[in-house]
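Report on the structure
In case you want the letters, here they are:
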Amino acid sequence: MLAPVAYLNGDWVSMDDMKVSVVDQGFTMGVHAMELTRTFQQKLFRIDDHLRRLYRTLHTMRLDPQLSIEEMARLSHEVIERNAAHFHSDDEMSLIHFITPGITPSYADIPAVEIPPTVGMHAFGINLGAFVDKYESGIHVVTARIRHQPPECMDPKLKVRSRLYWYLADKEAAQVDPAANSLVLDLQGNIAECHGANFLIVQDGTILSPTTRNMLEGVTWKTTLELAEKLGIPTVLRDITPHEAYNADEAFTTSSGICTMPVTKMDNIQIGDGKPGPIVKRLLEAWSELASYDIVERCRQARDRAQAPTA
């Protein structure tokens, strides 16, 4: 469910009026910085980390949002506050930030240096109920033939929307399993990341993660490694091959909406015993402590509410 109130270029508008011109550079050239931040108890989680990453991306893009990071933070909280009443008190939201350079200069009637950026924020309800079966049984990831965009072309630390290769990877994965998540490798055949999520494995009690050379430094990924440290679970960042992942004891993904999600099958090969493993369960329990509620149970309640007959 889309939240009804959004922010666009200094105005509060309805989602029906959340429109960006077809000649905006976000559309004509795919120049589009973005962030996604989830809530816990309808409060934004680590919004400062997300905004710092957003502003690092903007700095590299030479794109001035014409808002200070403090003002962006204030508006971010306001988007959630303006929309909270439209959701059940146990629902959670995700907040989207997007910034483009504005109208394509060849279409503008002012000098290029005077074109204002397009700055928007909107929220949507996280479909928590859809996660229950996945937490309990794990998900399937499928390796796509298309490779991850190499860092020599664009640093993966940039959080941007221009990711055609992810669309193609998703299409490839769906041909194997319509319910699968796509996973891409780098040019050397090492695991890079899943679409919208980091991918990690567990071997002999140690969490192994790809290096940040070939993946986005996820805020949830970073938080998960911090939780692992607190739990006394060692972590190592290094190259990981599909062969190692097939033969891992456990595997999982991390991303804002799901926190930590077990992976029990990869390319139709069972991982471990085919069930969510003990380390993934410990991590999810640690995430529940952060959220101040049982994440899986909250998702189960959301599913039950959605399936309950209406009066």
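Presented here is an overview of the structure given in this document.

Attention shifts here to the environment of Val132. Relative to the elements of secondary structure, Val132 occurs in helix H4 (residues 132-137). Taking the relative accessible area as the measure of exposure, Val132 reaches 1% and is therefore buried. A sequence separation of 165 residues divides Val132 from Glu297, and the C-alpha atoms of the two residues are 8.2 Å apart.

Moving on, we get to the pattern of salt bridges. A side chain of one charge can pair with a side chain of the opposite charge if their charged atoms are brought near each other. Tallying each qualifying case throughout the model produces 17 salt bridges. The closest approach of N and O atoms between Asp133 and Arg303, which form a salt bridge, is 3.6 Å. On the criterion of sequence distance, the pair formed by Asp133 in helix H4 and Arg303 in helix H9 (residues 295-307) is long-range, its members being 170 residues apart. A residue is classified by how much of its surface remains accessible, and Arg303, at 23% relative accessible area, is partly exposed. In this structure, the salt-bridge partner of Arg300 is Glu297, at a minimum N-O distance of 2.7 Å. Note that Arg300 and Glu297 are positioned in helix H9 at a spacing of three residues, about one turn of the helix. Taking the relative accessible area as the measure of exposure, Glu297 reaches 31% and is therefore partly exposed. Counted as one network, the salt bridges with shared partners bring together Arg46, Asp49, Arg52 and Glu226.

Take helix H6 (residues 219-230) next. Given a rise of 1.5 Å per residue, 12 residues ought to cover 16 Å, and the 17 Å separating the end C-alpha atoms of H6 matches this to within 8%. Listed as buried for H6 are Val219, Thr220, Trp221, Thr223, Thr224, Leu225, Leu227 and Ala228.

Core analysis: the biggest nonpolar cluster contains 49 residues, and Tyr135, Phe199, Ile207 and Ile295 have the highest contact counts within it. The leading source of residues in this core is helix H8 (residues 278-291), at seven residues. Excluding residues within four positions of it along the chain, Phe199 makes contact with Val141, Leu183, Ile191, Cys194, Pro210, Ala245, Ala251, Phe252, Thr253, Val263 and Met266. In terms of nonpolar packing, the next biggest core, distinct from the first, is built from 23 residues, Ala33, Ile80, Met93 and Val119 among them.

By the criterion of burial, strand S8 (residues 181-185) is predominantly enclosed, with four of the five residues buried. Both strand S7 (residues 139-143) and S8 contribute to a ladder of three bridges, which runs parallel. Within S8, the residue paired with Val141 across the bridge is Asn181. Following the backbone out of S7, through helix H5 (residues 164-176) and into the adjacent parallel S8, one traces a crossover that is right-handed. Pairing of S8 with strand S9 (residues 191-194), which is carried by three bridges, proceeds in the antiparallel orientation. Bridge assignment links Leu185 to a residue of S9, and that residue is Ile191. The antiparallel hairpin formed by S8 and S9 contains five residues in its connecting segment, where Gly189 sits at a positive phi of about 90 degrees.

Rules of the game
- Residues numbered from 1 in each chain as written.
- Predicted model: local features only at pLDDT ≥ 70, side-chain atom pairs only at ≥ 80, totals over all residues.
- Heavy atoms only, no water.
- Helix = DSSP H or I, 4+ residues; strand = E, 2+ residues; numbered from the N terminus.
- Buried < 20%, exposed > 50% of the residue type's maximum accessible area, 1.4 Å probe, protein only.
- Salt bridge = Lys/Arg side-chain N within 4 Å of Asp/Glu carboxyl O.
- Expected span 1.5 Å × (residues − 1).
- Core = buried A, V, L, I, M, F, W, Y, C linked by side-chain atoms within 4.5 Å.
- Contact = heavy atoms within 4.5 Å.
- Pairing = 2+ DSSP bridges.
- Right-handed = clockwise from strand over helix to strand, strands pointing away.

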